[in-house]
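What follows is the residue order along each chain.
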Amino acid sequence: MKITEDILYVGVNDHEIDLFEGQYRVPNGISYNSYVILDEKAAVMDTVDEVFGAQWLKNVEEALQGRQPDYLVIQHMEPDHSANIPLFLEKYPSTQIVATPQAFKMMKQFFSLELGEREVIAANGGELVLGAHKLQFVYAPMVHWPEVMMSYEVKDGILFSADGFGKFGALDVEDDWAEEARRYYMGIVGKYGMQVQNVLKKAAGLDIRLICPLHGPVLKENLGYYMGLYDTWSSYEPESDGVTVAYASIYGNTKKAALYLADKLRKKGIAVAVYDLARDDMAAALADAFRYGKLVLACNTYDGGINPFMNDFITRLVGHNFQKRTVGLIENGSWAPLAAKTMKAMFEKSKDIAFVENTVTLLSSMKKENEAQLSALADALEKIETPSV
């Protein structure tokens, strides 16, 4: 597939995978992207997952049309992009490897390689001249590994963005870019908002006309839209006004309260996303918690603490720097309801979390007074303005 006249796509689609990074559901698969730049010198950009090494090498060989590659540029050492470095060097032993010092350190950890003079250090702000094409290297540490760099191709204005601007889903499946990119970003990159902001500032000074990520489609039009979403996501501002209701329930009583609240909110014209944390996709729940400005957590007390699924969810939120949000709480307990206190305490180190005052407490099951309390919670959430939306 041609990206430009002399920049070719040589990646692969993976429909065999069920969990990305062993935890994220990918019903539409995933793509592992790699590119070839043909000029006076030829450069291959990254490899693919180990399972697809033979297919990828065939793609590379067809793109090169008999040429020997001069460089293999490694932007990210995560195995789904670097696993086939040894296989590549078996086929093309004279190729030089271009990467950051940290990437070379990791390379020696993953593989038994003696590169010697084939090792070319990519300096931050350094260049690799291929002929008419020239790559400028932009370090992007902790987006989302410490060795990451991006590469800006000057002639055609292409940003090879490593895992930045990536998404779940194979390239032969049509889906909503923002939905799967948001789920990908929040789960994998979301903790590192400050580092993404730093890269966006560097990118602002570049004439970017195409973005070539390591997962997902090449972005060719309306780049301001994608940049804008990344700016919003990485600054932790709400993307839109709405409420995510996430619940964990044993016998269905806490669920009834969560659904009752969601119905009240919808009748007010408020966008609502509802998640059963025991059954629904945890990554999607995480993404919508960041998408909207308000979050309601409904949970039963369990062994003096909270339901394990809610514990997992809040741990993920806090671990991904959840902040700048309003949180409402619904708890349930038959003799000692402690869920609200426990959930609130888990956010004690989070920034700019405001809790709605009227916590709703169920004693085993829903009562008329709980319906009134839930209606009051819906009224309170409606009145709270979501900033920056």
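The structure under discussion appears in the preceding block.
Participant: Can you tell me about the sheet that holds strand β8 (residues 43–45), naming the residues and giving the values?
Facilitator: The strand order β1-β2-β7-β8-β9-β10-β11 describes an open sheet built from seven strands, whose pairing is mixed. With one partner strand each, in any of the chains shown, β1 (2–4) and β11 (119–121) form the two edges of the open sheet. Along the sheet, successive strands turn relative to each other by an average axial angle of 25°, direction set aside. The sheet contact formed by β1 and strand β2 (residues 7–9) spans two bridges and is antiparallel.

Participant: Tell me what's going on with the pattern of salt bridges, and back it up with residues and numbers.
Facilitator: One side chain can pair with another of opposite charge once the charged atoms of both are near each other. Considering all chains together, one arrives at 21 salt bridges under this definition. Arg-182 is the salt-bridge partner of Glu-239, the closest N and O atoms lying 2.7 Å from each other. With Glu-239 in the loop between α7 (223–235) and β17 (240–248) and Arg-182 in helix α5 (residues 177–189), the pair connects residues that are 57 residues apart, well separated along the chain. Its relative accessible area of 24% is what places Glu-239 among the partly exposed residues. Taking relative accessible area as the criterion, Arg-182 reaches 2% and is therefore assigned buried. Among the ionic pairs, Arg-279 bridges to Asp-276, the shortest N-O distance being 2.9 Å. Residue Asp-276 is classed as buried on the basis of its relative accessible area, which comes to 8%. One connected set of salt bridges, linked through shared partners, spans Glu-179, Arg-182, Glu-239, Asp-288 and Arg-291.

Participant: Tell me what's going on with the packing of helix α8 (residues 253–267) against helix α12 (residues 368–383), and back it up with residues and numbers.
Facilitator: As a packed pair, α8 and α12 sit with axes 9 Å apart at the nearest point and diverge in direction by 45°. With respect to α12, the axis of α8 lies oblique. Judged by the sense of rotation from one axis to the other, the crossing of α8 with α12 is right-handed. On α12, the residues that touch Ala-257, Tyr-260, Leu-261, Lys-264 and Leu-265 of α8 are Glu-371, Leu-374, Ser-375, Leu-377, Ala-378 and Leu-381. Looking at the contact of α8 with α12, its residues break down into eight nonpolar, one polar and two charged.

Participant: Tell me about the environment of Asp-288, residues and numbers included.
Facilitator: With respect to the element layout, Asp-288 can be found in helix α9 (residues 282–291). The sequence separation of Asp-288 and Gly-131 amounts to 157 residues, and the corresponding C-alpha distance is 45 Å. Asp-288 has contacts with Thr-244, Ala-273 and Tyr-275, leaving out every residue within four places of it along the chain.

Participant: Any details on the sheet that holds strand β16 (residues 210–212)? Residues and values, ideally.
Facilitator: Strands sit in the order β12-β13-β14-β15-β16 across an open sheet of five strands; the sheet is mixed. The open sheet has two edge strands, β12 (127–129) and β16, and neither has a second partner. The average angle at which neighbouring strand axes cross in this sheet is 20°, direction not considered. Direction of pairing for strand β13 (residues 134–139) relative to strand β14 (residues 149–153): antiparallel, over a ladder of five bridges. Bridge pairing links Val-138 to Met-150 in β14.

Participant: Could you give me a rundown of the pairing of β14, with the residues and numbers involved?
Facilitator: By the criterion of burial, β14 is predominantly enclosed, with five of the five residues buried. Count of turn residues in the β14/strand β15 (residues 158–160) antiparallel hairpin: four residues, of which Gly-157 carries a positive phi of about 65°.

Cut-off values and rules
Residues numbered from 1 in each chain as written. Predicted model: local features only at pLDDT ≥ 70, side-chain atom pairs only at ≥ 80, totals over all residues. Heavy atoms only, no water. Pairing = 2+ DSSP bridges. Helix = DSSP H or I, 4+ residues; strand = E, 2+ residues; numbered from the N terminus. Axes fitted to C-alpha atoms, helices over the stretch in contact; angles between N-to-C directions. Salt bridge = Lys/Arg side-chain N within 4 Å of Asp/Glu carboxyl O. Buried < 20%, exposed > 50% of the residue type's maximum accessible area, 1.4 Å probe, protein only. Parallel < 35°, antiparallel > 145°, perpendicular 65-115°, else oblique. Left-handed = near helix turned anticlockwise from the far one by under 90°. Contact = heavy atoms within 4.5 Å. Nonpolar A, V, L, I, M, F, W, Y, C, P; charged D, E, K, R; others polar.

Keep in mind that these numbers describe shape and distance, not what the molecule does.
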